[in-house]
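If you want the building blocks of each chain, they are given just below.
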2 protein chains.
Amino acid sequence: MSTTTGRRVGRPRATQRPDSGMSARDELLLAAAELFTTSGYAATTTRLVAESAGMRQATMYHYFSGKEDLLAELLESTVAPSLTLALRLLADDARPAEERLWELCRADVELLCGGRHNLGALYLLPEVRGERFTSFHRVRADLKAAYGKLLAATAAGGALDRGERVLRTDLVFGLIEGVILVHRSDPARPLGAFAGATADAALRIVGCSPTGPCP
Amino acid sequence: MSTTTGRRVGRPRATQRPDSGMSARDELLLAAAELFTTSGYAATTTRLVAESAGMRQATMYHYFSGKEDLLAELLESTVAPSLTLALRLLADDARPAEERLWELCRADVELLCGGRHNLGALYLLPEVRGERFTSFHRVRADLKAAYGKLLAATAAGGALDRGERVLRTDLVFGLIEGVILVHRSDPARPLGAFAGATADAALRIVGCSPTGPCP
């Protein structure tokens, strides 16, 4: 058995990390998420990402075109599942809109605050204004539009004029994204109850009076 | 008249920039704010900050010990004025607490969103966890505590149990900081009305029913 530590040839992945059962792609995303949120985006090189995932840099480029590509994919992962849920909830019009909006808020807070890494913190990077992030911004805008439609379908939201509805939608969206910072200050607080309380607060902003789990 | 472009000796400041009437210290902070929020914190060097302020790097070190020092000072400028206002409002107990909480929320949103640069975006930098930022975190915690005291002094807030009051304070604080992102998506919206609407929403979260400018 050879113990050479020289360059491996013909192997797409080195094996420095125990096999996690994750795909190489997901391992790279996880490594990038960790480095971007702890060391910072600018301080992280693609080489560091590859090394941290136990791969060579060349292998990384097989999956991602570069650092922006990794960041864009991570950012989309913070909004795409909520958009999928929002579209499902919008279609489910047999249920009261208040209940559906509450559920969207709760699930969105759990997604934003519940990951192993605080990816929401990456929203504010100046780099995220670039073209590579058009798709993230579009999905985020679609998600906000879905919030707006659910809000308009509630009794309190439907009674508002259009300008006021847009404003309340923005405020609800601001609250949901804003609690990322709150959660980071007190990560020990149980997330489920916190997400529910945030959803209660969102419905209060719309103008619904909260009673029980679906205010 | 000499046209030499060599190194100036015995002058603390170069004169590449027209005199703004600002102190050298404030010019450095302004240059840092611009660079940190547009190019990013990690990508900005102290040399770039000095050059952008029309000074030599050595001159910059006369005012600030380094990049962290500039960032810490900028971050404190996003919370210190609101803390001063909050302490003044807390002492002014002849006025209804609802009115005072509303005013604090409105002023805080105007401060966070109204500056030439979106300094709130720097809250989420991983670097801000470091020791140099203890003072910023303390001022921010004091500000949150003042929000909590005003909230407890409102009729609706006073009727809540302690745990629920802490939670609502966190949610109000999350909303105020969260609207930074909302404002960035739509910077053309008049800030005064937006700040007032955010203050209305904050009082709704506490449980006050909004009527007129002081809900």
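An unreviewed UniProt entry annotates chain A as TetR/AcrR family transcriptional regulator of Streptomyces maoxianensis.

The next thing to look at is the overall build of chain A. When helices and strands are tallied, chain A shows 10 helices and zero strands. Shown N-terminal to C-terminal, the secondary structure of chain A runs as helices and strands in the order α-α-α-α-α-α-α-α-α-α. Taken across its 215 residues, chain A has 50% of its residues classed as buried. If you take every contact in chain A between residues at least 6 apart in sequence, the share linking residues at least 24 apart comes to 68%. By element, 54% of the accessible surface of chain A is carried by carbon and sulfur atoms, the whole surface being about 9,900 Å².

In this section: the relation of the copies chain A and chain B. Mapping chain A onto chain B is achieved by rotating through 180 degrees and translating by 0.0 Å along the same axis, at an RMSD of 0.0 Å. Expressed as a symmetry operation, the mapping of one chain copy onto the other fits a two-fold axis. Taking C-alpha positions as reference, the residue of chain A nearest the rotation axis is A:Gly178, located at 1.7 Å. By residue overlap, the copies meet face to face through one surface: 100% of the interface positions of chain A are interface positions in chain B.

Next up on the list: the packing of aromatic side chains. All names here are of chain A. Going through the model one piece at a time under the given rule, you end up with six aromatic pairs over all chains. Pairing Tyr-147 with Phe-173 gives two aromatic rings, centres 5.4 Å apart and planes at 80 degrees, and the pair type is edge-to-face. Placement of Tyr-147 in helix α7 (residues 134–153) and of Phe-173 in helix α9 (residues 162–185) is noted, with a sequence separation of 26 residues between them. Considered together, Tyr-147 and Phe-173 belong to a single accessibility category, that of buried residues. Across the ring face of Tyr-41, the terminal group of Lys-67 is positioned such that the distance to the ring centre comes to 4.4 Å.

Its location among the elements puts B:Ala43 in the loop between α1 (24–38) and α2 (46–52). Look at B:Ala43 and you get partly exposed, because its relative accessible area is 42%. Those residues in contact with B:Ala43, other than ones at most four positions away along the chain, are A:Ala42 and B:Leu48.

The relative placement of two packed helices is expressed as an angle between their axes plus a distance between the axes. Residue and element names in this part refer to chain A. Viewed as axis vectors pointing N to C, α9 and helix α10 (residues 191–206) meet at an angle of 155 degrees, and their least axial separation amounts to 9 Å. Accordingly, the angle class assigned to the pair α9 and α10 is roughly antiparallel. Regarding α9 and α10, the two cross each other, and that crossing is right-handed. In this structure, α9 contributes Arg-168, Leu-171, Val-172, Leu-175, Ile-176, Val-179, Val-182 and His-183 to the contact, and α10 contributes Leu-191, Phe-194, Thr-198, Ala-201, Ala-202, Ile-205 and Val-206. Of the residues contributing to the contact of α9 with α10, the split by class is 12 nonpolar, two polar and one charged.

Moving on: the pattern of salt bridges. Applying the stated rule across the entire model yields 24 salt bridges over all chains. Its salt-bridge partner being A:Arg140, residue A:Glu177 comes within 2.8 Å of it at the nearest N-O pair. Taken together, the residues A:Glu177 in helix α9 and A:Arg140 in helix α7 connect sequence positions 37 residues apart. Using a relative accessible area of 6% as the deciding quantity, one classes A:Glu177 as buried. Look at A:Arg140 and you get buried, because its relative accessible area is 12%. Between B:Arg189 and B:Asp186 there is a salt bridge, with its nearest N and O atoms 3.9 Å apart.

What counts and how
Residues numbered from 1 in each chain as written. Chains lettered and ligands numbered in written order. Predicted model: local features only at pLDDT ≥ 70, side-chain atom pairs only at ≥ 80, totals over all residues. Heavy atoms only, no water. Helix = DSSP H or I, 4+ residues; strand = E, 2+ residues; numbered from the N terminus. Buried < 20%, exposed > 50% of the residue type's maximum accessible area, 1.4 Å probe, protein only. Contact = heavy atoms within 4.5 Å. Areas by Shrake-Rupley, 256 points an atom, 1.4 Å probe, with all protein chains shown as cover. Least-squares fit on C-alpha atoms with pLDDT ≥ 70 in both. Phe/Tyr/Trp six-rings, centres within 6.5 Å; stacked < 30°, edge-to-face > 60°. Lys NZ or Arg CZ within 6 Å of the ring centre and 35° of its normal. Axes fitted to C-alpha atoms, helices over the stretch in contact; angles between N-to-C directions. Parallel < 35°, antiparallel > 145°, perpendicular 65-115°, else oblique. Left-handed = near helix turned anticlockwise from the far one by under 90°. Nonpolar A, V, L, I, M, F, W, Y, C, P; charged D, E, K, R; others polar. Salt bridge = Lys/Arg side-chain N within 4 Å of Asp/Glu carboxyl O.

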